[in-house]
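Coordinate inspection notes
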Amino acid sequence: MSIQLESVESKMLPPQAEKKMRCWIRSRHLICSGNFFIFETVEYTTIERFSECVASLGGTVISVDPINKIWMGDHRQVILYQAKASLHTPHHTLKQYWIKSGSTYTKFDERA
């Protein structure tokens, strides 16, 4: 089941978007897989912010899927969302930053 995002018009400037995406790389919410950026979070509003960042940098969000339910504490389950995006540029500075500072698994991956 894929969730459709409305066409995102970014009000964010590219330097702000890149700074936010670098933060997500460091926190292991955002990884690079091949030519795609994979973003995972439990907050749907964060998926919307991610979409704005991608649009601001000239990219496209390809898909958003609810991939799992995870436990937060003892009594609450939340949905884990995964967004897949393409930035259209193979040598984008974010990819280079991910190579230097990122991880191959998100913080929600059970292998990590």
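The text that follows walks through the structure, step by step, so that each part is easy to find. (Residues numbered from 1 in each chain as written. Predicted model: local features only at pLDDT ≥ 70, side-chain atom pairs only at ≥ 80, totals over all residues. Heavy atoms only, no water.)

**As for the overall build of the protein chain**
The secondary structure content of the protein chain amounts to three helices and four strands. Here the protein chain holds 112 residues, and 37% of them are scored as buried. Once local pairs closer than 6 in sequence are excluded, the contacts in the protein chain between residues at least 24 apart make up 70%. By element, 51% of the accessible surface of the protein chain is carried by carbon and sulfur atoms, the whole surface being about 7,000 Å². (Helix = DSSP H or I, 4+ residues; strand = E, 2+ residues; numbered from the N terminus. Buried < 20%, exposed > 50% of the residue type's maximum accessible area, 1.4 Å probe, protein only. Contact = heavy atoms within 4.5 Å. Areas by Shrake-Rupley, 256 points an atom, 1.4 Å probe, with all protein chains shown as cover.)

**A word on helix H2 (residues 44–56)**
Side chains three or four residues apart in an α-helix point the same way, a direct result of the helix having 3.6 residues per turn. For H2, spanning 13 residues, the distance from its first C-alpha to its last is 19 Å, which sits close to the expected 18 Å at 1.5 Å a residue. Within H2, the full set of buried residues consists of Thr46, Ile47, Phe50, Ser51, Cys53, Val54 and Ser56. Of the surrounding elements, those touching the buried residues of H2 are helix H1 (14–26), strand E1 (30–33), strand E2 (36–41), strand E3 (60–72) and strand E4 (76–86). A positive phi of about 85° marks Gly58, the residue just after H2. (Expected span 1.5 Å × (residues − 1).)

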